[in-house]
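# Residue-level structural notes
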Amino acid sequence: MSKRRVGFCLSDKKRRKMNLVTFAELCATHGLEVIEIDLTQPLASQGPFDVIVHKLSDVIVEAEYDSQSQQLLTNFQSYVSAHPSVILLDPLPAMTQLLDRYASYRIMSKLHHALRDWCVCSPSYLEIRSSSQMSDLQQTVQRKGLSFPLICKTRVAHGSRSHEMCLIFCPSGLCDVRPPCVLQSFINHGAVLHKVFVVGDAHFTVERPSLKNFPSGPCERETIFFNSHEVSKPESCSDLTALDEQTPLLPPPSAQAVGALVAELRTQLGMALFGVDVILNIHTHTLTVIDINIFPGYEGVPQFFSFLLSHIESVLDTREDPQAAGLPASQATGPPDPQTDPQSLGHCDPQDAGNPASQATCSTAPPSPRTTL
């Protein structure tokens, strides 16, 4: 039996960061051959492929204004269309919409209804498409129910500029808004960001530093400009993440709530490799979704290669033997915890409390359904 062939279509930076060479060696021990796809060459001569794992974010974004990138994207789409048996991780339309914060925030805004039994929500937000909206922006912010402070993010959720954000504290600070962008109400969350990394049927929650608490409501303070990537690095040591010693620490989010969130997003997106940024509101303890990311870095995820390999083998086995597929991928989620109510914050295993900065927890089984009386 010939080896099953897995093509990887990644930028040079992503390829190095992922350490694709090491992953290829692991795949070889399982009968899989990894091929590094060169988009500048015909794909037909590099195939055939059983699976293509890709992150074409650079190409998709640049195709909006660059004819060469547009041609590369067209060639890739043409190959995929001509070879429908090739499994794509992940579907291009799903990945494309997550590159646009307007689209991804609309998805996030619907989570409150879909996951109302799990107390999951997303902050109020406002799309600012052009400078023509600036003249009455203050009134629009009030009408849409946004509250200060506000976080301003670029519309495009990719590239170095997508990490450049600002925190606006009062109406006079709205002059710092640069369309096209998104304004999002800032939620105090105890300077802790929970990054949920999804790999097929498994997901991991990794704790990272985040912005500290600020007084709610408008106040006369200068806009703070920051890079979210720098603030949320595991080793980050910034004044923006420093909490008052009297601020109580929040427990981690409920494993069941996170599991339900992952399952819902897998169903909505049709994706297997993505990340979700979530926080806990310090006042209501509501699990709040603030961003969704395509094919993230998976820093702090233990044995990522093993889980990625397992997922690739699973989708291949499912294609070859649908009767042995088991549960649909969209049902993959977190583990049941019969002793924890879905609305609770959950708890840490005492043995995990001393783990280093990554604080990763893994979940692979579906949650128990909640009974509503």
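Residues numbered from 1 in each chain as written. Predicted model: local features only at pLDDT ≥ 70, side-chain atom pairs only at ≥ 80, totals over all residues. Heavy atoms only, no water.

### Concerning the state of the cysteines
For clarity, the threshold we go by: Two cysteine sulfurs form a disulfide in these notes if their separation is within 2.5 Å.
Counted according to the given criterion, the structure contains 0 disulfides. Distance from the sulfur of C166, which forms no disulfide, to the nearest cysteine sulfur (C152) is 4.4 Å. Here C175 is not cross-linked by a disulfide; its sulfur's nearest cysteine counterpart is in C170, at 8.5 Å.

### Topic: the packing of aromatic side chains
What counts, and what does not: In this scheme Phe, Tyr and Trp rings, the latter by its six-membered ring, pair at centre separations within 6.5 Å, and the angle between planes marks the pair as stacked below 30 degrees, edge-to-face above 60, and tilted otherwise. Strands here mean DSSP runs of E at least two residues long; helices mean DSSP runs of H or I at least four residues long; both are numbered from the N terminus. Each residue gets one of three labels from its accessible area relative to the maximum for its type: buried under 20%, exposed over 50%, partly exposed in between, using a 1.4 Å probe on protein chains only.
In total, this model carries 11 aromatic pairs according to the counting rule given. Ring centres of F8 and F23 lie 5.6 Å apart, and the angle between their planes is 75°; this geometry places the pair in the edge-to-face category. Of the two residues, F8 is situated in strand 1 (residues 4–9) and F23 in helix 2 (residues 20–28); the sequence distance between them amounts to 15 residues. In terms of burial, F8 and F23 fall into one category: buried. Judged by centre distance (5.3 Å) and plane angle (65°), the ring pair of F169 and F214 falls under edge-to-face. Here F169 is found in the loop between strand 8 (164–168) and strand 9 (181–185), whereas its partner F214 is found in the loop between strand 11 (202–209) and strand 12 (224–227), with 45 residues between them in sequence.

### Some thoughts on helix 4 (residues 67–82)
At 3.6 residues per turn, the α-helix brings residues three or four places apart onto the same side. Filter applied, for reference: An expected span of 1.5 Å times one less than the residue number is assigned to each helix. Taking the helix axis as origin, the arc is that swept by the directions to the C-beta atoms. Two N or O atoms form a polar contact when they lie within 3.5 Å of each other; inside protein one atom must be a possible hydrogen donor and the other a possible acceptor, and for residues adjacent in sequence the pair counts only when both atoms belong to side chains.
With 16 residues, helix 4 should reach 22 Å at 1.5 Å per residue; the first-to-last C-alpha distance of 22 Å fits that figure. Every buried residue of helix 4 is listed here: S69, L72, L73, F76, Y79 and V80. Taken around the axis of helix 4, the buried residues stretch over an arc of 125°, which confines them to a single face. Facing away from the buried surface of helix 4 by more than 90 degrees, the exposed residues are S67, S81 and A82. Between a side-chain oxygen at the N-terminus of helix 4 and the backbone nitrogen of Q68 the separation is 3.3 Å; the capping residue is D66.

### So, the pattern of salt bridges
Should their charged atoms come close, side chains of opposite charge can pair. What counts is decided by this rule: By definition here, a salt bridge exists when the distance from a side-chain nitrogen of Lys or Arg to a carboxyl oxygen of Asp or Glu is within 4 Å.
One pass over the structure, following the stated rule, counts 16 salt bridges. In this structure, K153 engages D291 in a salt bridge whose closest nitrogen and oxygen atoms are separated by 3.1 Å. With a gap of 138 residues between them, K153 in strand 7 (residues 150–154) and D291 in strand 14 (residues 287–294) connect regions that are remote in the sequence. As far as the burial class goes, K153 and D291 line up, both buried. A salt bridge links R266 to D201, with the nearest nitrogen and oxygen atoms 3.4 Å apart. Residue R266 is located in helix 10 (residues 255–269), and its partner D201 is located in the loop between strand 10 (192–199) and strand 11; the two are separated by 65 residues in the primary sequence. Looking at R266, the relative accessible area reads 6%, which means it is buried. Several salt bridges converge on common partners, so that one network encompasses R4, D50, D317, R319 and E320.

### A closer look at the sheet that holds strand 1
For clarity, the threshold we go by: Strand pairing is assigned whenever DSSP identifies at least 2 bridges connecting the two strands. Fitted lines through C-alpha atoms serve as axes, helices being fitted only where they are in contact, and the angles separating the N-to-C directions of these axes extend from 0 to 180 degrees. Note on contacts: a residue pair qualifies if any of its non-hydrogen atoms lie within 4.5 Å across the two residues.
Read from one edge of the open sheet, 4 strands run 2-1-3-4, paired in parallel fashion. Looking at which strands have only one partner, the edges of the open sheet turn out to be strand 2 (32–36) and strand 4 (87–89). The average undirected angle you get between the axes of adjacent strands in this sheet is 20°. Its contacts with the sheet put helix 4 on strand 1, strand 3 (51–54) and strand 4, and the angle it makes with strand 3 is roughly 155°. Relative to the sheet, helix 11 (residues 304–320) contacts strand 1, strand 2, strand 3 and strand 4, its axis offset from that of strand 1 by approximately 125°.

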